[in-house]
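Below are the chains, spelled out letter by letter.
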Amino acid sequence: MKINKNWAINNAMPIFFIGFFISLADSLIGRYIYIGWVIMLFSFYLMYLSKEKK
């Protein structure tokens, strides 16, 4: 599955919240808190790219 780069850059906030909710659901899904943190850090990079693009 290929993610369109422009789509990911334009929708960085929903990606952040997906990672945020994954990291909050630590008690529900176990050790996946680190995956949520990685997704949130990646979304900050996408936000940086979107500001640089403008």
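See above for the structure.
In this report, the structure presented in the accompanying data block is examined. (Residues numbered from 1 in each chain as written. Predicted model: local features only at pLDDT ≥ 70, side-chain atom pairs only at ≥ 80, totals over all residues. Heavy atoms only, no water.)

1. Structural notes on a nonpolar patch on the surface
So, step 1. A cluster of nonpolar side chains, namely Met13, Phe17, Phe20, Phe21 and Leu24, defines an oily patch on the protein surface of about 500 Å² accessible area.
So, step 2. With respect to the element layout, Phe21 can be found in helix 2 (residues 12-24).
So, step 3. Judged by relative accessible area, which is 53%, Phe21 ranks as exposed. (Patch = residues over 30% accessible without salt bridge, like charges linked within 9 Å, V, L, I, M, F, W, Y side chains within 5 Å. Areas by Shrake-Rupley, 256 points an atom, 1.4 Å probe, with all protein chains shown as cover. Salt bridge = Lys/Arg side-chain N within 4 Å of Asp/Glu carboxyl O. Helix = DSSP H or I, 4+ residues; strand = E, 2+ residues; numbered from the N terminus. Buried < 20%, exposed > 50% of the residue type's maximum accessible area, 1.4 Å probe, protein only.)

2. Examining the packing of aromatic side chains
So, step 1. The full count for this structure, using the stated rule, is six aromatic pairs.
So, step 2. Judged by centre distance (5.3 Å) and plane angle (75 degrees), the ring pair of Phe16 and Phe17 falls under edge-to-face.
So, step 3. On the basis of relative accessible area, Phe16 is assigned to the buried category, the value being 16%.
So, step 4. We classify Phe17 as partly exposed; its relative accessible area is 38%.
So, step 5. Taking the centre distance of 5.3 Å and the plane angle of 80 degrees together, the rings of Tyr34 and Trp37 count as edge-to-face. Taken together, the residues span about one helical turn, with Tyr34 and Trp37 both in helix 4 (residues 33-53) at a distance of three residues.
So, step 6. Judged by its relative accessible area of 55%, Tyr34 falls in the exposed class.
So, step 7. Grouped by ring-pair contacts, the aromatic residues Phe16, Phe17, Phe20, Phe21 and Phe44 constitute a single cluster. (Phe/Tyr/Trp six-rings, centres within 6.5 Å; stacked < 30°, edge-to-face > 60°.)

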